[in-house]
Amino acid sequence: MSWTEAVDSSAVSRGTVGDYVEAMGPSWIAGAIAAGPATIASLVTAGGAFGYSLLWVVVLSAGAGALAQYLSMRLGLLTERGIVAVVEDHLGETWAWLLVGDAVLAAGVAQLVIMNTLATVSATVTGIDARIWGVAWALILAAGLAGGGYRFLELAAKVLVLLVIVAFVASLFVVPIDAGAAVTGLIPSVPSGSALVAAGILGGAVHITLITMHSYTMRARGWTREDYDLATVDVGASMLVAFGIYSLAIFLVTASVLTSGDLTTVGAAEALGPLVGDSARWLFLLGLWGAAVSTLGGNTIVPPFLLADKLGWGTTIEDSRYRGLLVAVALLSAPGAFIGGNVLGQLVLVLALGTVGTPFVIALVLYLLNSDAVPESNSLAANVGGLALIAVSGGLAGNFVVEQIGGGVGPLSGFVLAFAVALGLAMAGLGGKFLREERLA
């Protein structure tokens with residue numbers, strides 16, 4: 001089995017660091033998606049275009065990502081069910097389909113752009129047409145995930161991503177970091193033209209696909225309420241620590257080295273030049289390739305998880321219907337290689353679009369955690385943190401929408417606006433429903 005290989009979770013009772021490390025897993029799958037090419041693109045673009053001014057968003061993203069995964073983890077463990085089934089039982093079928101539609105749309109758009117990134121980088125490295133690579137990668141993805149043989153490729157991809165992370169972290173000791181400017185960047189501000197990038201940075205860590213998939217990956221590991229401590233450590237180690245270091249290293253190095261806002265993959269590679277010289281381009285491209293492979297596999301399983309749960313099917317490859325969904329989503333990613341264009345800009349846009357759909361799913365999770373769906377009430381701190389998460393993600397998403405329609409409403413900006421309005425109305429309806437229930441209680 002590839003993404004969700006079972007392990008003995010009795011390590012919680014023993015409690016040693018080594019036991020925790022051995023048993024951890026589900027949140028690291030979310031972390032692998034979060035640390036993908038879209039996040040790399042957002043961080044590089046932010047540092048290159050706006051210097052240190054968005055450092056506060058980078059720091060916030062790690063904490064917000066950990067909090068979002070914690071709330072999702074809590075709902076998954078306390079209900080021991082997938083999020084779609086829980087929503088349907090306690091809110092109804094309409095709300096469940098709205099959640100599925102929101103997540104599948106965000107994951108589907110991301111799938112196409114990530115495939116474009118993977119095919120483009122593969123073409124750059126090999127000289128073979130990107131469209132051929134798109135078809136080839138779709139077939140590899142379908143066969144690997146459906147047959148459980150994707151693990152080796154995933155491991156190789158993560159090794160390449162790790163090399164790039166190490167290179168960026170090492171570069172922190174080589175490039176001249178402007179400490180004064182960095183401190184100033186911790187003061188919240190959204191410079192003109194930066195709303196898209198700011199939403200993209202936060203969207204890399206707090207994304208609807210990461211939140212919705214968490215209950216399913218924990219179920220695949222066999223985790224229950226007894227694994228609460230382990231699951232909490234899993235979230236903290238992957239999202240707060242590992243993802244936080246990853247994001248800070250890439251952003252600080254890029255902000256110190258690059259000065260161009262119109263970035264390409266070749267230009268972005270210059271950030272590693274002070275450390276690895278002429279090898280910077282190839283190292284960055286291979287890291288971007290590895291991030292795309294790792295993220296593509298994780299992103300592919302999200303729509304099948306949600307659709308299978310909604311339709312009452314199994315969510316493992318032992319169920320042929322679920323396996324068929326995996327194959328379909330993998331093959332439907334091939335057209336992404338025909339998009340063309342600057343992949344860094346597209347990746348940032350995809351994360352920003354995902355940010356628009358994220359406040360709604362956080363609101364759903366908070367609603368359920370304060371309902372009879374769970375056996376114990378949510379704490380005041382968790383509720384305050386969740387509301388703050390909605391406010392921050394909603395604010396950045398709102399700035400992104402305003403920036404999109406600032407030059408007039410076209411096809412893309414019109415879609416973003418309609419998407420935002422629909423989910424905003426859904427959130428308002430959910431809030432009103434909760435307040436009515438509280439008055440009657």
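Note that the structure is a prediction, hence the values are computed from the model and not measured.

*Asks:* If you had to explain the overall build of the protein chain to someone new, which residues and values would you point to?
*Replies:* When its secondary structure is counted, the protein chain shows 21 helices and zero strands. Counting across all 441 residues of the protein chain, residues that qualify as buried make up 55%. Put simply, of all contacts in the protein chain between residues at least 6 apart along the chain, 84% involve residues at least 24 apart. Summing over all exposed atoms, the protein chain offers an accessible surface of approximately 16600 Å²; the carbon and sulfur share of this is 66%.

*Asks:* An account of the nonpolar core is requested, with residue identities and associated values reported.
*Replies:* In a soluble, globular protein the nonpolar side chains are often hidden away together inside. Formed by 135 residues in total, the largest nonpolar core has its most connected members in Ile 83, Val 87, Val 206 and Phe 251. Of the residues forming this core, the biggest block, 18 residues, is contributed by helix H19 (residues 343–369). Setting aside chain neighbours within four positions, we find Ile 83 in contact with Leu 75, Leu 99, Thr 212, Ser 215, Tyr 216, Leu 306, Asp 309 and Val 365.

*Asks:* So what about the packing of aromatic side chains? Which residues, and what values?
*Replies:* In the structure shown here, the tally under the stated rule is nine aromatic pairs. Among the aromatic residues, those joined into a ring-pair cluster are Trp 133, Trp 137 and Trp 289.

*Asks:* Break down empty space enclosed by the protein for me, with residues and values.
*Replies:* Taken as a whole and judged by the stated rule, the model has three cavities of 30 Å³ or more. Estimated volume of the second largest cavity: approximately 110 Å³. Together, 14 residues line the second largest cavity, and Ile 33, Ala 110, His 207, Thr 209 and Leu 351 are the ones closest to its centre. The set of elements that each furnish at least two residues to the lining of the second largest cavity consists of helix H3 (26–34), helix H7 (93–126), helix H11 (195–205), helix H12 (208–221), helix H16 (280–300) and H19. Considering only residue class, the lining of the second largest cavity consists of eight nonpolar, six polar and no charged.

*Asks:* Explain the pattern of salt bridges residue by residue, including any values.
*Replies:* Think of it this way: side chains of opposite charge can pair up when their charged atoms draw near. Summed over the entire model, instances satisfying the criterion amount to eight salt bridges. Here Glu 80 makes a salt bridge to Arg 225, at a shortest N to O gap of 3.8 Å. Separated by 145 residues along the polypeptide, Glu 80 in the loop between helix H5 (55–79) and helix H6 (83–91) and Arg 225 in the loop between H12 and helix H13 (228–257) bring together distant segments of the chain. Here Arg 225 falls in the partly exposed class, since its relative accessible area comes to 43%. Ionic pairing is found between Asp 319 and Arg 321, a salt bridge with its closest N-O pair at 3.0 Å. One network of salt bridges, in which partners are shared, links Glu 88, Glu 93 and Lys 310.

*Asks:* Any details on a nonpolar patch on the surface? Residues and values, ideally.
*Replies:* A cluster of nonpolar side chains, namely Val 135, Leu 139, Leu 331 and Phe 338, defines an oily patch on the protein surface of about 370 Å² accessible area. By the secondary structure assignment, Val 135 is in helix H8 (residues 130–147). Assessed through its relative accessible area of 39%, Val 135 is described here as partly exposed.

*Asks:* Before we move on, can you summarise the side chain of Ser 72 with the specific residues and values?
*Replies:* Looking at the element boundaries, Ser 72 is found in helix H5. The exposure class assigned to Ser 72 is buried, which follows from its relative accessible area of 4%. Here Ser 72 is in contact with Ile 211, His 214, Ser 215, Met 218 and Val 365, once residues within four sequence places are set aside.

*Asks:* Requested: an account of H8, with residues and values cited.
*Replies:* When the terminal C-alpha atoms of H8 are compared, their 25 Å separation across 18 residues agrees well with the 26 Å that a helix rising 1.5 Å per residue should span. Buried within H8 we find Ala 130, Trp 133, Gly 134, Trp 137, Ala 138, Leu 141, Ala 142, Gly 144, Leu 145 and Ala 146. The distance from a side-chain oxygen at the start of H8 to the backbone nitrogen of Arg 131 is 2.7 Å, and the residue carrying that oxygen is Asp 129.

*Asks:* Give me the confidence of the model for the protein chain: which residues, what numbers.
*Replies:* For the protein chain, per-residue confidence averages 83 on the pLDDT scale, and 86% of positions sit at 70 or higher. Considering each helix and strand of the protein chain separately, the mean pLDDT is smallest for helix H1 (residues 11–14), with a value of 41, and largest for H5, with 94. Long-range and interchain partners of residues 1–14, a stretch whose pLDDT sits below 50, account for 38 contacts in this model, where long-range means more than four residues apart.

Analysis parameters
- Residues numbered from 1 in each chain as written.
- Predicted model: local features only at pLDDT ≥ 70, side-chain atom pairs only at ≥ 80, totals over all residues.
- Heavy atoms only, no water.
- Helix = DSSP H or I, 4+ residues; strand = E, 2+ residues; numbered from the N terminus.
- Buried < 20%, exposed > 50% of the residue type's maximum accessible area, 1.4 Å probe, protein only.
- Contact = heavy atoms within 4.5 Å.
- Areas by Shrake-Rupley, 256 points an atom, 1.4 Å probe, with all protein chains shown as cover.
- Core = buried A, V, L, I, M, F, W, Y, C linked by side-chain atoms within 4.5 Å.
- Phe/Tyr/Trp six-rings, centres within 6.5 Å; stacked < 30°, edge-to-face > 60°.
- 1 Å grid on protein atoms, 1.4 Å probe; cavity = no way out; pocket = protein on both sides within 12 Å on 5 of 7 lines; lining within 4 Å.
- Points joined across faces, edges and corners; volume = space filled by probe spheres on them.
- Nonpolar A, V, L, I, M, F, W, Y, C, P; charged D, E, K, R; others polar.
- Salt bridge = Lys/Arg side-chain N within 4 Å of Asp/Glu carboxyl O.
- Patch = residues over 30% accessible without salt bridge, like charges linked within 9 Å, V, L, I, M, F, W, Y side chains within 5 Å.
- Expected span 1.5 Å × (residues − 1).
- Polar contact = N/O pair within 3.5 Å; in protein donor to acceptor, adjacent residues only side chain to side chain.
- pLDDT = per-residue confidence, 0-100.

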